[in-house]
Amino acid sequence: MPPRASLRTTAKSLPEHARGNNRSLVLQTLYSDGAMSRADLARATGLTRVTISDLVAELLGEALVVEQGTRDEARPGKPATLVDIDRTGFRILGIDLSAHDAFRGALLDLDGGVHDRVIAALDGATGEAAVAKVVAVARELIARATVPILGVGIGSPGVVDLAGIVLTAPNLGWHDLPLQDVLVAELGLPVLVANDANVAALAEHSFGDALSDTMVVKIGNGVGAGLLVGGTLLSGARFSAGEIGHVVVGTDGGEPCACGKHGCLETWLAIPRLEARIAAAPAERDDILARAGERLGIALAPVVGALDLAEVVLSGPAHLLDGPLARAALDTLRSRTMAEFHGDLSLRGSALGEDIVMRGAAAMVLSGRLGVS
C-alpha cells in the first residue's frame, strides 16, 4: 500500500487507469452496501450498465462475486438478480506479532469475523527462531482452512517498509529482515507485512468507529502509533511515522531502553514494565498508571497539535489502560494543547480488543488484494 494511498475507492477513474479502479469501485460498493442488482450497481457507481455487466461477469468468473437470487419486486418485467461479494468463500490469515509473550494468529472472514485461532508462546525467541514461529503459526492455520485463503496479513512491531522488510524490531532481534518475501516463499500465498500500530489503525478504520483524523496508540511489548489523516494512513519518509515509543519523554532521565537511550516512552508505558512496577508496589498501582499516562500525554500533545487530530484511540490491555492511565493522558493532552481547538479531543479505548491487529491484517489484505476496506 503506497504511503498516501486512499483506503477506499469512491469515484470512477480516468481512462488511462480505469479498469482496475472501476473494478475496485464495484467491489467496494458491494462490500459496503451489500447485495444489489447490476442496475443498482450502475446507479451507485456512476458506471455504465455495459461496464458493470462486464466487470460483474469477470468477478463471477474469479469467484469473488456470487449471484444471490432475485429480489421480490412488485413491478412488471423480469425480477433483478442480486450479486454480492462471496463473503463465505474465502478466509484471510491474520497474524499479530506485537505481544511480548506470544504470537497470535487467526482465520478471518471477509467481514473481519474470527473463525479459528492459534496462539504460540514466544518463549523469548528472537531472530531466526522468531521467524520460524511465525511460519509455524501460519502453516497450522492454513492446514485448518476449509476454503481458499485470499491472503496473509502480518502486523509486526518495529519499522516496516512498503516491501514488508522489517528495518528494525529490537525486541525480536530483527534488522533488515525481508519478512514478507520469506513468508511468500515459505507459504506460497500472497503476504502483506506492515507495522502493527498501522495495522491496528486499519482495523479501527474498517471495523471500528475511527474518525478520519485519528491516532491509534498500540501498547504492548513496545509502544507505537498508527496515524490516519483525512482517512489516509501515514507512513512517513522513512516508514517510521508513529514510532513514538523511542521518543525520550521529559528531561529527568529514566530507565534504560532497548534502543540504547534512557527515558523513552516505551520505558514508561510498555506492558511488561508496567506489570513489573505494579507487582513490586501494588499499593501504588493507580499512581504508577497515572505517571505513565502523563508521559503518554506529553508525547502525544505535539502530534495532536501539529496534525489537528480529532481523537486518540488506545489499544492494549484494558485493565491497565482504562482508568488512571487514560484520565492522566487526556488531562495532560488538554493542558498542553489549545483549548479552543482541542478541548473536545476524544481519548478512548479500542472496542476491538485483543483482536485488533489480526482484524487490521484482514483489512490490509482486503485493501491490497481487492481494493476494499
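The sections below set out a description of the structure shown in this document. Please read all numbers here as calculations on a predicted model, not as lab measurements.

**Here we look at the sheet that holds strand 7 (residues 149–156)**
Taken in spatial order, the 5 strands of this open sheet run 6-5-4-7-11, and their pairing is mixed. Each edge of the sheet is formed by a strand with only one pairing partner; in this case those strands are strand 6 (114–121) and strand 11 (191–195). Neighbour to neighbour, the strand axes of the sheet diverge by 15° on average, direction disregarded. Both strand 7 and strand 11 contribute to a ladder of 5 bridges, which runs parallel. Bridging across to strand 11, S156 finds its partner in N195.

**Regarding helix 1 (residues 18–33)**
Since the α-helix packs 3.6 residues into each turn, any two residues three or four apart lie on the same face. With 16 residues, helix 1 extends 22 Å between its outermost C-alpha atoms, agreeing within 8% with the 22 Å of an ideal straight helix rising 1.5 Å per residue. Every buried residue belonging to helix 1 is among A18, N22, R23, S24, L25, V26, L27, Q28, T29, L30 and Y31, and all of these are buried. Taken from the residues just after helix 1, G34 is the one with a positive phi, measuring 85°.

**Concerning the nonpolar core**
Within soluble globular proteins, side chains that are nonpolar tend to cluster in buried spots. The biggest cluster of nonpolar side chains holds 46 residues, and the ones touching the most others in it are V26, L30, L41, L150 and L366. A per-element tally of this core places helix 13 (residues 356–370) first, with 10 residues. Setting aside anything within four residues of it in sequence, one finds L366 in contact with Y31, I92, L110, L150, F207, G371 and V372. Counting 34 residues, the second-largest nonpolar core is a separate cluster that includes L234, V249, L274 and L314.

**Section: helix 6 (residues 196–207)**
In this model helix 6 runs 16 Å from its N-terminal to its C-terminal C-alpha over 12 residues, within 8% of the 16 Å that 1.5 Å per residue would give. Buried residues of helix 6: D196, A197, N198, V199, A200, A201, L202, A203, E204, H205 and F207, and no others. Among the residues of helix 6, the N-terminal cap falls to N195, whose side-chain oxygen and the backbone nitrogen of A197 are separated by 2.9 Å.

**Focus on the environment of D287**
Structurally, the position occupied by D287 is in helix 9 (residues 285–307). Among the residues examined, D287 registers a relative accessible area of 48% and is labelled partly exposed. In the structure, D287 is positioned 41 residues away from A328 in sequence and 10.0 Å away in space, judged by C-alpha atoms.

Here is what the cut-offs are and how they apply
Residues numbered from 1 in each chain as written. Predicted model: local features only at pLDDT ≥ 70, side-chain atom pairs only at ≥ 80, totals over all residues. Heavy atoms only, no water. Pairing = 2+ DSSP bridges. Helix = DSSP H or I, 4+ residues; strand = E, 2+ residues; numbered from the N terminus. Axes fitted to C-alpha atoms, helices over the stretch in contact; angles between N-to-C directions. Expected span 1.5 Å × (residues − 1). Buried < 20%, exposed > 50% of the residue type's maximum accessible area, 1.4 Å probe, protein only. Core = buried A, V, L, I, M, F, W, Y, C linked by side-chain atoms within 4.5 Å. Contact = heavy atoms within 4.5 Å. Polar contact = N/O pair within 3.5 Å; in protein donor to acceptor, adjacent residues only side chain to side chain.

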